[in-house]
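Secondary and tertiary structure notes
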Amino acid sequence: MRAKKPSAITKFLDPSVVSRLTGMELKARLIVEGFIAGMHRSPYHGFSVEFAEYRQYMQGDNVKNLDWKVYGKTDRFYVKVYEEETNLKATILLDKSGSMGFSSLGGDVETGKGDGLDKLTYGGLLAASLSYLMIRQQDAVSLCAFDDQIRALLPHRSVRKHLFFLLGNLERLSAGAKTRISPTLHYIAERVKRRGLIILISDLMDDPEKILMGLKHFRHRKHEVIVFHILDPRELDLDYRDEVEFRDLENDKKIRVEPAFLKEQYAKRVEGWISKLDRECKGHQIDYNLLTTRTPFDQALTAYLNKRLRMG
Amino acid sequence: MFGLGFLNSFFLFALAAMALPIIIHILNRRRLRKIRFSSLEFIDELSRRRMSRVNLRRWIVLLLRTLAVTFVVLAFARPTLHSRAALFMPAAAAKQIVICVDMSASMGVERETGTAFTQAKILAKRVVDESARNDVLNVVASSGSSRLLFESGTTNKQIVKKAIDGLEVADERASLTKALETAVGHFRESELRSGEIYVVSDFRETADSLLVSGTPAGLRVILLPVYLEAVDNVSIDRVFTPRKLIRPGEVVRVGVSVTNHSRENPAEFPVELFIDEKRKAEKFVNLSPAASATVTFSVSINDWGSHRCRVAKNRDRLPIDDDRFFMLDVSRRIPVTLMRGKRFVEDDKQTASYFYVDKALNPRGSGESEFSVKVVDEKDLTTAALPDRGVVVWTDPHRLDRNRFELLKRYLHTGGRLMVFLGGGSSGQWREDGFARYFGIKKATHRKAEESLRSFQKDHPVFSIFNEEELELLSRSRVREYIAVAGVAPDSILAYLGSGDAGIWECRRGDGRAVVVSASPDMASGDLPLSPMFLPLIHTTVSYLASSEGAEFHRENYPGTDLFFDLPAGWRRQGHEHRVANELGEQEQAVFFDLPHGETKAMISRPKRVGFYKLLADTTLVSEAVVNVDTRESNLNPQELAGEYLGDATVVDDSADFATTLQRERQGREIYPLFLLVAISALVLESLLGRRA
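Everything in this summary refers to the structure shown in the same document.

Analysis parameters
- Residues numbered from 1 in each chain as written.
- Chains lettered and ligands numbered in written order.
- Predicted model: local features only at pLDDT ≥ 70, side-chain atom pairs only at ≥ 80, totals over all residues.
- Heavy atoms only, no water.
- Helix = DSSP H or I, 4+ residues; strand = E, 2+ residues; numbered from the N terminus.
- Buried < 20%, exposed > 50% of the residue type's maximum accessible area, 1.4 Å probe, protein only.
- Contact = heavy atoms within 4.5 Å.
- Areas by Shrake-Rupley, 256 points an atom, 1.4 Å probe, with all protein chains shown as cover.
- Buried area = accessible area lost by both parts, 1.4 Å probe.
- Salt bridge = Lys/Arg side-chain N within 4 Å of Asp/Glu carboxyl O.
- Nonpolar A, V, L, I, M, F, W, Y, C, P; charged D, E, K, R; others polar.
- Pairing = 2+ DSSP bridges.
- Polar contact = N/O pair within 3.5 Å; in protein donor to acceptor, adjacent residues only side chain to side chain.
- 1 Å grid on protein atoms, 1.4 Å probe; cavity = no way out; pocket = protein on both sides within 12 Å on 5 of 7 lines; lining within 4 Å.
- Points joined across faces, edges and corners; volume = space filled by probe spheres on them.
- Domains from an automatic or database assignment.
- Phe/Tyr/Trp six-rings, centres within 6.5 Å; stacked < 30°, edge-to-face > 60°.
- Expected span 1.5 Å × (residues − 1).
- Axes fitted to C-alpha atoms, helices over the stretch in contact; angles between N-to-C directions.

Considerations on the overall build of chain B
Check the secondary structure of chain B and you find 14 helices and 36 strands. In chain B, which comprises 693 residues, the share counted as buried stands at 53%. Across chain B, contacts joining residues at least 24 apart in sequence account for 75% of those joining residues at least 6 apart. Carbon and sulfur atoms make up 51% of the accessible area of chain B, which amounts to about 31,900 Å² in all.

Quick notes on the interface of chain A and chain B
Each side of the interface is counted separately: chain A has 37 residues, and chain B has 25 residues. Here chain A meets chain B over a buried area of about 3,300 Å², counting both sides, of which 60% is carbon and sulfur. Together, Arg247, Phe261 and Arg269 of chain A form the three largest contributors to the area buried by chain A at its contact with chain B, with a combined 22%. For the interface between chain A and chain B, the tally reads one salt bridge. When the shortest N-O distance is used, the salt bridge between aspartate 44 of chain B and lysine 253 of chain A registers 2.4 Å. Where the side of chain A that touches chain B is concerned, the elements lending two or more residues are α9 (233-237), β8 (244-248), β9 (254-257) and α10 (259-283) of chain A. Class assignment of the residues belonging to the side of chain A that touches chain B gives a composition of 16 nonpolar, five polar and 16 charged. Pairing geometry for β8 of chain A and strand β2 (residues 33-37) of chain B, over five bridges, is parallel. Within β2 of chain B, the residue paired with arginine 247 of chain A across the bridge is arginine 36 of chain B.

Quick look at the environment of arginine 333 of chain B
Residues and elements named next belong to chain B. Positionally, arginine 333 belongs in the loop between β17 (323-330) and β18 (334-340). Residue class for arginine 333 comes out partly exposed when judged on its relative accessible area of 23%. With 88 residues separating them in the primary sequence, arginine 333 and leucine 245 have C-alpha atoms 9.0 Å apart. For arginine 333, the side chain forms a polar contact with the main-chain oxygen of phenylalanine 371, separated by 3.3 Å.

Quick look at empty space enclosed by the protein
Residue and element names in this part refer to chain B. Scanning the entire structure with this criterion turns up three cavities of 30 Å³ or more. Counted as a void, the second largest cavity has a volume near 60 Å³. Contributing to the lining of the second largest cavity are 13 residues, with Asp388, Arg389, Gly390, Gly415 and Arg417 lying nearest its centre. When residues of the lining of the second largest cavity are sorted by domain, at least three fall in each of domain 3 (234-320) and domain 4 (334-547).

Structural notes on the packing of aromatic side chains
How two aromatic rings sit relative to each other is set out by the distance from centre to centre and by the angle between their planes. For the structure shown, the criterion picks out 18 aromatic pairs over all chains. Measuring from centroid to centroid gives 6.4 Å for tyrosine 240 of chain A and phenylalanine 37 of chain B, while their planes differ by 75 degrees, and the two rings are edge-to-face. Placement of tyrosine 240 of chain A in the loop between α9 and β8 and of phenylalanine 37 of chain B in strand β2 is noted, with the two residues assigned to different chains. For tyrosine 240 of chain A, a relative accessible area of 3% translates into the label buried. Classification of phenylalanine 37 of chain B by relative accessible area gives buried; the value is 0%.

Examining helix α2 (residues 41-76) of chain B
The first and last C-alpha atoms of α2 of chain B sit 50 Å apart over 36 residues, in line with the 52 Å expected at 1.5 Å per residue. At the C-terminal side of α2 of chain B, arginine 78 of chain B shows a positive phi close to 55 degrees.

Observations regarding the sheet that holds strand β9 (residues 195-201) of chain B
All names here are of chain B. Spatially, six strands are ordered β8-β7-β4-β9-β10-β35 in an open sheet, and the strand pairing comes out mixed. Lying at the two open borders of the sheet, with one neighbouring strand each, are β8 (146-148) and β35 (650-651). Of the strand pairs in this sheet, strand β10 (residues 219-225) and β35 are connected by two bridges, and their pairing is parallel. By the bridge assignment, isoleucine 222 is partnered in β35 with threonine 650. The strands that helix α3 (residues 116-130) touches are β4 (96-102), β7 (136-142), β9 and β10; relative to β4, the one it contacts most, it runs at about 175 degrees.

What to know about helix α11 (residues 534-547) of chain B
Taking 1.5 Å per residue as the helical rise, α11 of chain B with its 14 residues ought to reach 20 Å, and the 20 Å between its terminal C-alpha atoms agrees with that figure. Three or more residues of α11 of chain B are buried, namely Phe534, Leu537, Ile538, Thr540, Thr541, Val542, Ser543, Tyr544, Leu545 and Ala546 of chain B.

And the structure:
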C-alpha cells in the first residue's frame, strides 16, 4: 500500500500559504487533504450500504471495505464509499463583526486590512475546512454568520451541493458591525432542536459572561460545543513601536498611546480574559480552542475530530 | 572666579539645532501611526492609568534630546574654562600682552641649560612668538624698580624679542608685585579690552607675596616659572664687624653668617677672609640642611686707614652670594668731640672744665696726640659733631634743647660713646629736662663739700691700668663741689666719693655706653685736674669708651637702594667734582644733601652692582662704601604656586608642550570632552527612557 506524499499537501495547513490561493473550495479541499495526509489513520467513518464512490485506501481504513475485485484488476487498493444518512448535525456559528476584520500581519493597518489574514478570513477558512470535512463524512452542516445580528443562516444539509453553496457564502463574507454574540447563541440554541455539534468561531470580543450564558444554553440543550477563539497575535501582545493612535474597528473610538508602556499590563489582562473563558468553558464541557491567525489549521481540525470521535 | 569661553564661537550659531528635536517631536506627533484595532476595551482602561507617566517621560526624553544636541554643538564650539575670562571674547580680538621679566639676583642661578635668566628670556620670547599678529606687546623689566621697555607697546615682535635679549640679570632684589602693578597700570591706560600679563620668574620662597586679585575685567595673569625644583644654595648672609674704633695692631673679631638654604642636603665648604685682596684666614664650615652658622675670624691690621675686605666661599650655582664685601677702618687717632656746657666763659677759659679736659687730651695743642679733639658748644650740637667711632666728652652740662637731647640719645642708642662731667656749681637746669632720668638718676643734689674719690672698681678697664700707688694718688685729689645722685645702680658705680655718693659710674643705653663723673674737672670745684692721675684717667676712660665693643655694627647697602657716603668732618664740597666709581670703572655723579642737625651726605641713586664704591672728589678719594646682595635672594626653594600667593593667576610650567599649555591657558582649559560626555550621557539616558517608551 502506498500513501500520498504528505509534504506537498500539508503545506496548505499554513494560513499564510492558504491565503495566497483563490477559491474557497480549493482552499478548503487543500486544507482538509493536507490535514488528512498528515494523519496516521483515516478520520472518515459513517459508511453505509449504498455505494457512492471508490476512493484510494488510506491507512486506518478498515480492510473489510477494500474492493478486492478492483485490486485484482488494477493492482491498487480502493475502498468503497457508501452514501450514508446524516448522523450528525453540525452548526457553525461564524462571527463576522467589525473586530473580526482586524489583521496585523501586514504591518500598518490604516484601513483595518493588511496583506495578512484577518480574523474573519481565518475563521472563514476554518469554517470552510470544517464544512468540507464534515460533508465529506456525510454530516449535515449549517452555517450562521452574525455580528450584532444574524446576517446569514444556511440550513443543515450533508450533500455536496450544499457544500458549494456554503463555501460561496463564506467567500462573500465581510466584516460587519458591532459584536453581539449572546443573542445569536440564544437564538440558535432555541432553533436547533436536534442534539448536535455547535462550532463557534469568534474573537469573543463581547461580554464574557453573556457569551458563556449563550454557550451554556447550548449545553442545556444537550449540544456539544466547540469554541474556536480567533485572535490576532498582536491582540495578545500589543507589540507596536512608537506612539500609535488606535481606532476601534467597531465604534471608531480613538486612543493615543505608547503601546510599549502598556504591553506588559495588556498581555496580563488578555491572558486573564482568555484563562477565564477557558476555565468557564471547561467547567461546562465546552471545548475551548485559542487560535491565532498564524496557527496552522490542523490544530483546529484535530480539535474537531477529537470531539467528533467522542460523539461517536 | 571662573568663566566659560568658546574658541569657535561662530559655531554657537549652530545652537539653532536645539530646535531639531522639538521639530522632530512635533513632526512625529503629526505623523502619528493610526491603527484600527479590534477592541480598545483593555487599552482604554490601561492607558488612563499609565499615559500620564508616559507623557512625563516623553517630555524628559525630549529634554534629553535637546540637551544632547545643545552640548554637541557647544562641544564643537570648543568651550574653554578659565579664570576671569571675558565671555565670548572673540579669539581674534587684539590683546594687550605685558611680559614681566624677573631680573633679580636669584635669576642668576646656573642651570644645565644656562642661567635661570637665560631660560626666562627664552620663555618670554616664546610668549611673544605665541601671541597673535595684532596683539600689542610690552615688557616690564622687574628689578629694584619696574620699568616698561616700550612706552605704549608695540606689535612688532622682532623689536620686542630684541629688547628681551638686551635684558641682563641684576644684582638687585625684584618686587613682582610692583612689576604687576606696572603691567596692570599699563593695561588700564591702553584702549584694548582684553589683556594678558605674563610673569616670568623663579618664584622663590622668599619672594614678595604675589596675590593677584582685583585685576580688571578682561585681564588674565599667567605665571611662568623658569624652574620648579629646589636648588641647593649656600649664602654668606652678613658680616659682623665690631662697632668700635679699631686701632692699628688691635685684634678684631669679624663674624660671618652663612646659611645652607637646602632643605635636604648638608653643605661643607671653606670660608676665606681677604683683606685688601690678601688672603688672611680660612675656616671650614659644615652645615646641616636649612641651618645657619656664624664663623668668627680674629685678625689684626697694622696699617691704619680704610681696608677693603671680602669673605668668600666656594662657588655654587648662585655665585653672587658667595662673596660679601665690607670695610674695616683702622684709626690712628681717636676722634673726640668736646662739648662745652654752661660754665664756659670765653674770658675765663681756665675756670672751665673743658679747658682741662682739652689739655688732657691734646696737651700740646698740635694735634699730634692719639686724640683728635673737636670742640663744640652744647647749644651748637649737630649730627656732624657726633663721631661715628669716637667719643663725646661733655663737660658741665647745662641744658640741651629737646631736639639736641633727642639727637644725643639716638647717638647713644645706636652705639655712641659719651663721657660726662656733671660739674659742681651747675645751675641744675639739666636735671629738669629728662637728662638725669636718662642716666638713671632719680634725684640729683648739688653739694659743696670736700670729698675725694675712693673705692675704685679696680678690675674695670678704666682703672685696671692703675696700680695701688697710682690709685692712691688719684684718691688724694679733692673735689669741693659735686652732684650727689640717688638711684644709680650700685653695680655700675666705678668709684665712690668719701661721702658714699657715686663718684664715677657707667651707663649702657641701647648699643652705646656712657661714663659719668659726678664732679667737674676745674679749679673752681676741686683740684682734680691737678692730680697727676687726671691725665691717665681721661685717657683710659676715653680709650675704653672708644675701644669697647658695643653691639656689633652692621649696616648693609643693597643694589637697587640709594647708597650713602659719609663725609669727613668739615669736608668742603665746593670746588670739586664729586663722582662715585665702582670696581668696573663705571662712574656716576654724586648728589649731596643736607640732613637735619648739620649732617651732609653724598649719595648715588640705586647702584646696580655689588662691590666697592668710591666717592671721588676730582681724583681724591673721599669715602668708600660697600654694596652687597640682599640675601633674601639666596633662598632658591620655589614658592608653592597655589592658594593666596597665586590668587586669580594661573600657572604654565616650562614643559615640553609649553606652547600647547600656554595656548590652553590663554584660551582657558578646553572642556569639550566634558560637553561630549554630557551629550553622550543625555543620549544614553534618552535611549534608556526611549526604549522603555
